[in-house]
Amino acid sequence: QVQLVESGGGLVQAGGSLRLSCAVSGRTFLTYAWFRQAPGKERDFVAAIWWNGGTNYSADSVKGRFTISRDNVKNTVYLQMNSLKPEDTAVYNCAGQFGLCSTFACAATRANYAYWGQGTQVTVSS
């Protein structure tokens, strides 16, 4: 049974940090990603990484603040979020796909991801 389970969300003040974790079981994917969905908005791409950490992609809105990483031993994907802003408030989901994305467009396309976690809420207060 394939499972992706997120954790690490919570309430933080603007300028603070959080680290999200996504524990993956049952399958190893070639590309992992984080997406987020704010109330009333579509689910947006945040960041993606290859299974071996060789390549990663980030949305412009989070570049320089968020870092995606992967621990192959623990089969876990992380999203380190620094300098958080109120507009980062959203439900954050991790996802996995069987393809190895060699372009940003591939990594950022929701439909390419076959498996999703349930999400973890991140709330940033001003």
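Provided above is the structure to which this section pertains.
Residues numbered from 1 in each chain as written. Predicted model: local features only at pLDDT ≥ 70, side-chain atom pairs only at ≥ 80, totals over all residues. Heavy atoms only, no water.

A. The arrangement of the overall build of the chain in detail. Along the chain, the regular secondary structure elements total one helix and eleven strands. Counting from the amino terminus, helix and strand elements in the chain follow one another as β-β-β-β-β-β-β-β-β-α-β-β. For the chain, the C-alpha radius of gyration of 13 Å lies close to 14 Å, the compact-globule estimate for 126 residues. Projected onto its principal axes, the C-alpha positions of the chain cover 40 × 25 × 25 Å. For the chain, buried positions account for 43% of its 126 residues. For the chain, contacts bridging at least 24 residues in sequence account for 60% of all contacts bridging at least 6. (Helix = DSSP H or I, 4+ residues; strand = E, 2+ residues; numbered from the N terminus. Rg over C-alpha atoms; globule rule 2.2 N^0.38 Å. Buried < 20%, exposed > 50% of the residue type's maximum accessible area, 1.4 Å probe, protein only. Contact = heavy atoms within 4.5 Å.)

B. Representation of the environment of asparagine 93. Secondary-structure assignment places asparagine 93 in strand β9 (residues 90-97). Considering only alpha carbons, one finds asparagine 93 and valine 12, 81 residues apart in sequence, at a separation of 18 Å. Setting aside chain neighbours within four positions, we find asparagine 93 in contact with Glu6, Ala33, Trp34, Phe35, Arg43, Trp116, Gly117, Gln118 and Gly119. At a separation of 3.1 Å, a polar atom in the side chain of asparagine 93 contacts the main-chain carbonyl oxygen of glycine 117. A polar side-chain atom of asparagine 93 sits 3.5 Å from the main-chain carbonyl oxygen of glutamine 118. (Polar contact = N/O pair within 3.5 Å; in protein donor to acceptor, adjacent residues only side chain to side chain.)

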